[in-house]
Amino acid sequence: MGLLVTFTTTANDAQAQDTIDGAFWKCTMKPKTSDLKLLKGQFRISNHWLFQKEKPSLEEFKTFNGFNKPNNGKTVIAFNDLRAMDKERNWHNGIKGTAFLKLERLGYWSGRFVDAKGRHWSFTCTRVQE
């Protein structure tokens, strides 16, 4: 039996962040089934809060999108609205789910992502900037 932890926040809490410090990450989601596309995205984590761009054309990562919960070389990232692009540069948003990751080496995490529909993906993320 698994444990599901749900976090909630208000829009005011996320908007209170005037600047978003923290690590900038690039991620890749490879679907376990052939009916889905490989997706790539970017996010920033600051104090365990995850932020993404509202639209691909914007430069700032101000939109609150979830939390991460690190624990001894492992982490769980809960996404409220994951946003990523496929290789044709089509924007995919509204993806809810949880990534279960382990630290492979400094700045590189890998594991699996399970979306709200129960579909599984291989998930990797690489730190680009601190």
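**Regarding the overall build of the protein**
Okay, so step 1: Within the protein one finds 1 helix and 8 strands.
Okay, so step 2: Reading the protein from its N end, one meets helices and strands in the order α-β-β-β-β-β-β-β-β.
Okay, so step 3: For the protein, long-range pairs separated by at least 24 residues make up 40% of all intrachain contacts whose partners lie at least 6 apart in sequence.
Okay, so step 4: Surface accessibility of the protein: about 8,400 Å² in total, with carbon and sulfur atoms responsible for 49%.

**Section: the packing of aromatic side chains**
Okay, so step 1: With the rule as written, the count across this model stands at 6 aromatic pairs.
Okay, so step 2: With a centroid separation of 5.8 Å and an interplanar angle of 70 degrees, the aromatic rings of Phe79 and Phe113 are classed as edge-to-face. Of this pair, Phe79 sits in strand β5 (residues 74–85) while Phe113 sits in strand β7 (residues 108–115), and the two are 34 residues apart along the sequence. Like Phe113, Phe79 is buried.

**Some details on the confidence of the model for the protein**
Okay, so step 1: The pLDDT averaged across the protein works out to 81; a share of 78% of its residues lies at or above 70.
Okay, so step 2: Taken as a whole, residues 1–20 scores under 50 in pLDDT and shows 16 contacts with residues more than four places along the chain or in a different chain.

**Thoughts on the nonpolar core**
Okay, so step 1: Membership of the largest hydrophobic core comes to 21 residues, with the highest contact counts inside it found for Phe43, Ile77, Phe79, Phe113, Phe123 and Cys125.
Okay, so step 2: Counting residues per element, the ones that place at least two in this core are β1 (23–31), β2 (39–46), β5, β6 (91–105), β7 and β8 (120–129).
Okay, so step 3: Those residues in contact with Phe113 that sit more than four places away from it in its chain are Met29, Phe79, Leu82, Ile95, Lys96, Gly97, Thr98, Ala99, Arg119, His120, Trp121 and Phe123.
Okay, so step 4: Core analysis: the second largest hydrophobic core is formed by 6 residues, Phe24, Trp49, Phe51 and Phe64 among them.

**What to know about the environment of His48**
Okay, so step 1: Within the fold, His48 resides in the loop between β2 and β3 (49–52).
Okay, so step 2: Judged by relative accessible area, His48 falls into the partly exposed class, the value being 41%.
Okay, so step 3: Separated by 29 residues in the primary sequence, His48 and Ile77 have C-alpha atoms spaced 9.0 Å apart.
Okay, so step 4: In this view, His48 contacts Gly66, Phe67, Asn68 and Pro70; residues no more than four positions away in its chain are not counted.

**Digging into the side chain of Asn68**
Okay, so step 1: Assignment of secondary structure puts Asn68 in strand β4 (residues 63–71).
Okay, so step 2: Ignoring any residue separated from it by four or fewer positions in sequence, one finds Asn68 in contact with Ile45, His48, Thr75, Val76 and Ile77.

**Topic: unusual backbone geometry**
Okay, so step 1: With a phi close to 50 degrees, Asn47 is a non-glycine residue in the positive phi region.
Okay, so step 2: Among the secondary structure elements, Asn47 is positioned in the loop between β2 and β3.
Okay, so step 3: Despite not being glycine, His48 shows a phi value in the positive range, around 70 degrees.

Rules used throughout
- Residues numbered from 1 in each chain as written.
- Predicted model: local features only at pLDDT ≥ 70, side-chain atom pairs only at ≥ 80, totals over all residues.
- Heavy atoms only, no water.
- Helix = DSSP H or I, 4+ residues; strand = E, 2+ residues; numbered from the N terminus.
- Contact = heavy atoms within 4.5 Å.
- Areas by Shrake-Rupley, 256 points an atom, 1.4 Å probe, with all protein chains shown as cover.
- Phe/Tyr/Trp six-rings, centres within 6.5 Å; stacked < 30°, edge-to-face > 60°.
- Buried < 20%, exposed > 50% of the residue type's maximum accessible area, 1.4 Å probe, protein only.
- pLDDT = per-residue confidence, 0-100.
- Core = buried A, V, L, I, M, F, W, Y, C linked by side-chain atoms within 4.5 Å.

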